[in-house]
Amino acid sequence: MSRLVHEIRNHLAVAVANVEAFRDGVLEPTPARLAAVLDALQQVETLLLQIPRGDPEH
Amino acid sequence: MTAPTVLVVDDEPALVDVLEQYLRDEGFTVVRAADGPAAIDLFERRRPDLVLLDINLPGFSGTEVLRRMRSVRDVPIIMLTGRVDEIDRVVGLELGADDYVGKPFSPREVVARVKSVLRRTGRAAPPPSHERYVGEITIDSVAHEVRVAGKPVTLTPTQFKILDVLSSHVGQTLTRDQLLERVSADGDVFDRTLDRHIANLRARIEPDPGNPRYIVTVFGVGYKMVYPA
């Protein structure tokens, strides 16, 4: 579980840092960089699916 | 005065790209490594003033890299970590990192920590903040000086104003109206002469003025300054 959380944080870090750089005008949102952000978010999605399910919420 | 050098160590190139550009914008020299052995090698050859170090690295771990660096030279080290459970150990006496930043982070926050740790440890002071750096161009908005690859360039006041405005909005397209408004407080630059001022400016700062890399035309809109690819 802690490994999963760690990996999720790593991928989120890529997405957050890049989007902030686009917002600040520090980096150009080139197709390659947008692809890297999308890939990072898709990795987060994949990892979220591996988190064991707890009891269903009521 | 030489710019302080920061060694950035992380195995995620898309993350290092961001940190590198933010640090360069603040006037730091940046060297980068993607694994432990490369980090140690650059640490010895480039003698950085500060190290930003991811805790999880291929090769050997960030904590091992930190130990080896400390055995060579006492240099401030800021750890980057996605593992909240590691933080106490990292910053505590055991490893003695100077600070840490949890992932995900704001790159601005990382730059602020870098400056703060450098100040605190009395190392190289951050460069004066009135200088801006775009690729090889340095713009000093207080001294009204411009250097290209370290060589001073003489600009007319209007050319300087245009460069000053564009370089403070890198990556952002400014319309002709926005540029005229900001450049020409006293109305001495007219719409029809703007293109000529830009052309003259390019002639002085662009490596190949006919094929501009810094000040690009956004057809039908205006101009923007970009980091050269």
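From a predicted model like this one, the values you see are computed outputs, not experimental measurements.

Draft legend 1. Representation of the interface of chain B and chain A. Listed as interface residues are 23 residues of chain B and, on the opposing side, 18 residues of chain A. Of all residues in chain B, the largest losses of buried area upon contact with chain A belong to Tyr 22, Lys 103 and Pro 104 of chain B, amounting jointly to 25% of the total for that side. Where chain B meets chain A, there are 2 salt bridges. Remark: the boundary between chain B and chain A carries 9 residue pairs in polar contact (both at pLDDT 80 or more). Of all the secondary-structure elements, those providing two or more residues to the side of chain B that touches chain A are helix 1 (13-25) and helix 5 (107-120) of chain B. The dominant element in the side of chain B that touches chain A, judged by the number of residues it contributes, is helix 1 of chain B, at 7 residues. Classifying every residue of the side of chain B that touches chain A gives 11 nonpolar, 5 polar and 7 charged.

Draft legend 2. Highlighting helix 1 (residues 2-23) of chain A. For helix 1 of chain A, built from 22 residues, the straight-helix expectation of 32 Å at 1.5 Å per residue is met to within 8% by its first-to-last C-alpha distance of 31 Å. One or two positions beyond helix 1 of chain A, positive phi appears at Gly 25 of chain A, with a value near 70 degrees.

Draft legend 3. Molecular detail of the packing of helix 2 (residues 36-46) of chain B against helix 3 (residues 62-72) of chain B. All names here are of chain B. Following both chains from N to C, one finds helix 2 and helix 3 inclined at 20 degrees, their axes separated by 10 Å at the closest point. Taken as axis vectors, helix 2 and helix 3 run roughly parallel relative to one another. Considering the relative orientation of helix 2 and helix 3, their crossing is right-handed. Judged by residue contacts, Gly 36, Ala 39, Ile 40, Phe 43 and Glu 44 of helix 2 engage Val 65, Arg 68, Met 69 and Val 72 from helix 3. Across the contact of helix 2 with helix 3, the residue classes break down as 6 nonpolar, 1 polar and 2 charged.

Draft legend 4. Seen up close, the packing of aromatic side chains. Applying the stated criterion across every chain, the model contains 0 aromatic pairs over all chains. The lysine or arginine in question, Arg 73 of chain B, covers the ring of Phe 43 of chain B, its NZ or CZ lying 4.7 Å from the ring centre.

Draft legend 5. Up close: the pattern of salt bridges. Across all of its chains, the model carries 20 salt bridges over all chains by this definition. Of the charged contacts in the structure, one is a salt bridge between Lys 103 of chain B and Asp 54 of chain B, with a shortest N-O distance of 3.2 Å. Here Asp 54 of chain B lies in strand 3 (residues 50-54) and Lys 103 of chain B lies in the loop between strand 5 (99-102) and helix 5, a separation of 49 residues in the sequence. As far as burial versus exposure is concerned, Lys 103 of chain B and Asp 54 of chain B are alike and both buried. Taking the shortest distance from any N to any O, the salt bridge between Glu 109 of chain B and Arg 113 of chain B comes out at 2.8 Å. Of this pair, Glu 109 of chain B and Arg 113 of chain B both sit in helix 5, 4 residues apart, which is roughly one turn of that helix. Look at the salt bridges and you will find they share partners, linking Glu 20, Arg 23 and Asp 24 of chain A together with Arg 108 of chain B into a network.

Thresholds, definitions, all that
- Residues numbered from 1 in each chain as written.
- Chains lettered and ligands numbered in written order.
- Predicted model: local features only at pLDDT ≥ 70, side-chain atom pairs only at ≥ 80, totals over all residues.
- Heavy atoms only, no water.
- Contact = heavy atoms within 4.5 Å.
- Buried area = accessible area lost by both parts, 1.4 Å probe.
- Salt bridge = Lys/Arg side-chain N within 4 Å of Asp/Glu carboxyl O.
- Polar contact = N/O pair within 3.5 Å; in protein donor to acceptor, adjacent residues only side chain to side chain.
- Helix = DSSP H or I, 4+ residues; strand = E, 2+ residues; numbered from the N terminus.
- Nonpolar A, V, L, I, M, F, W, Y, C, P; charged D, E, K, R; others polar.
- Expected span 1.5 Å × (residues − 1).
- Axes fitted to C-alpha atoms, helices over the stretch in contact; angles between N-to-C directions.
- Parallel < 35°, antiparallel > 145°, perpendicular 65-115°, else oblique.
- Left-handed = near helix turned anticlockwise from the far one by under 90°.
- Phe/Tyr/Trp six-rings, centres within 6.5 Å; stacked < 30°, edge-to-face > 60°.
- Lys NZ or Arg CZ within 6 Å of the ring centre and 35° of its normal.
- Buried < 20%, exposed > 50% of the residue type's maximum accessible area, 1.4 Å probe, protein only.

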